[in-house]
Amino acid sequence: MTSSDTPWEPPVAGTEAEHLVGALERLRATFRWKADDLDSAGLQLRIGASALTLGGLLKHLARAEDEMFSRKLSGTPVSPPWDAVDWHAHPDWDFESAAADAPAALYAIWDDTVARSRAKLDAALAHGGLDQLVHLAWPDGRHLSLRRLVCDLIEEYGRHTGHADLLREAVDGRVGEDPPPGWRPRSAG
């Protein structure tokens, strides 16, 4: 098996940055595989008392990516549609509004946002590495490091990839830890 068959696989022995980015990429790929190739009914399926859906998770993780690598990293404004939402009035807008979005739109917002995030993270790593301080600061003025932002996003994906495991299994029985070798994202509709 070549790395082109499993590009999401973290390095066997790499630098700290390579391992952290590799862990993030593996979670991104696993999440996208869990949410992949579904119609509206599959993306909106709920289980038990939870309001979570795969469509809502696609939109929420796109928001998390955009916030992480814009406002938190550099202080730049978030992209549309996040910039037009009154988050105090609608704190779950990303989860709730996904029900009105077509599958192609949900896949596109996640895919496009992740592509932008990759470019911004690569540039930040080249510019100052994981130790550099980012725009986001605690109320006492201490700034977070890029390492902290990457670890926070890994945690966010870890939590929601677990949710996606359960949701996807309920949709069509898909189970597994990683995408199969050679898998590439598809959009359904």
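Residues numbered from 1 in each chain as written. Predicted model: local features only at pLDDT ≥ 70, side-chain atom pairs only at ≥ 80, totals over all residues. Heavy atoms only, no water.

The name given to the protein in an unreviewed UniProt entry is DUF664 domain-containing protein, and the organism recorded there is Nocardia colli.

Participant: Would you mind showing me how to read the layout of surface pockets here?
Facilitator: Any space left empty among the atoms is revealed by the rolling of a water-sized probe across them. Estimates place the volume of the largest pocket at around 220 Å³. For the lining of the largest pocket, the secondary structure elements donating two or more residues are α1 (16-35) and α5 (103-128). Among the elements that line the lining of the largest pocket, the one with the most residues is α5, at five residues. Here the residues of the lining of the largest pocket are counted per class, giving eight nonpolar, no polar and six charged. (1 Å grid on protein atoms, 1.4 Å probe; cavity = no way out; pocket = protein on both sides within 12 Å on 5 of 7 lines; lining within 4 Å. Points joined across faces, edges and corners; volume = space filled by probe spheres on them. Helix = DSSP H or I, 4+ residues; strand = E, 2+ residues; numbered from the N terminus. Nonpolar A, V, L, I, M, F, W, Y, C, P; charged D, E, K, R; others polar.)

Participant: What should I look at first to understand α5 in this one?
Facilitator: The α-helix advances 3.6 residues per turn, and as a result positions three or four apart in sequence lie on the same side. With 26 residues, α5 ought to run about 38 Å at 1.5 Å a step, and its terminal C-alpha atoms sit 37 Å apart, in line with that. Considered for burial, the residues of α5 that qualify are Pro103, Leu106, Tyr107, Ile109, Trp110, Thr113, Val114, Ser117, Leu121 and Ala124. At its buried positions, α5 is contacted by α1, α2 (40-44), α3 (54-74) and α6 (146-172). At the C-terminal side of α5, Gly129 shows a positive phi close to 70 degrees. (Expected span 1.5 Å × (residues − 1). Buried < 20%, exposed > 50% of the residue type's maximum accessible area, 1.4 Å probe, protein only. Contact = heavy atoms within 4.5 Å.)

Participant: Sorry if this is basic, but what is going on with empty space enclosed by the protein here?
Facilitator: For the structure shown, the criterion picks out one cavity of 30 Å³ or more. Lining the largest cavity are Glu65, Asp66, Phe69, Thr113, Arg116, Ser117 and Lys120. Elements represented by at least two residues in the lining of the largest cavity include exactly α3 and α5. Examining the composition of the lining of the largest cavity, we find that four residues originate from one element, α5, more than from any other.

Participant: Would you mind going over the nonpolar core with me for this structure?
Facilitator: Among soluble globular proteins, nonpolar side chains are generally buried collectively. Judged by nonpolar contacts, the single largest core of 40 residues is most densely connected at Phe31, Leu58, Trp110 and Tyr157. Those elements that provide at least two residues to this core are α1, α3, α5 and α6. For this core, the element with the most residues is α3, which contributes nine residues. Setting aside chain neighbours within four positions, we find Tyr157 in contact with Leu24, Leu27, Arg28, Phe31, Leu61, Glu65, Trp110 and Val114. (Core = buried A, V, L, I, M, F, W, Y, C linked by side-chain atoms within 4.5 Å.)

Participant: So what exactly am I meant to see when it comes to the pattern of salt bridges here?
Facilitator: Summed over the entire model, instances satisfying the criterion amount to 22 salt bridges. For Arg26, the salt bridge goes to Glu9, with nearest N and O atoms at 3.9 Å. Of the two residues, Arg26 sits in helix α1 while Glu9 sits in the segment before α1, which places them 17 residues apart along the sequence. The residue Arg63 makes a salt bridge to Asp94 at a minimum N-O spacing of 3.3 Å. Taken together, the residues span a long stretch of sequence, with Arg63 in helix α3 and Asp94 in helix α4 (residues 93-97) at a distance of 31 residues. Across the pair, Asp94 and Arg63 agree in class, each one buried. (Salt bridge = Lys/Arg side-chain N within 4 Å of Asp/Glu carboxyl O.)

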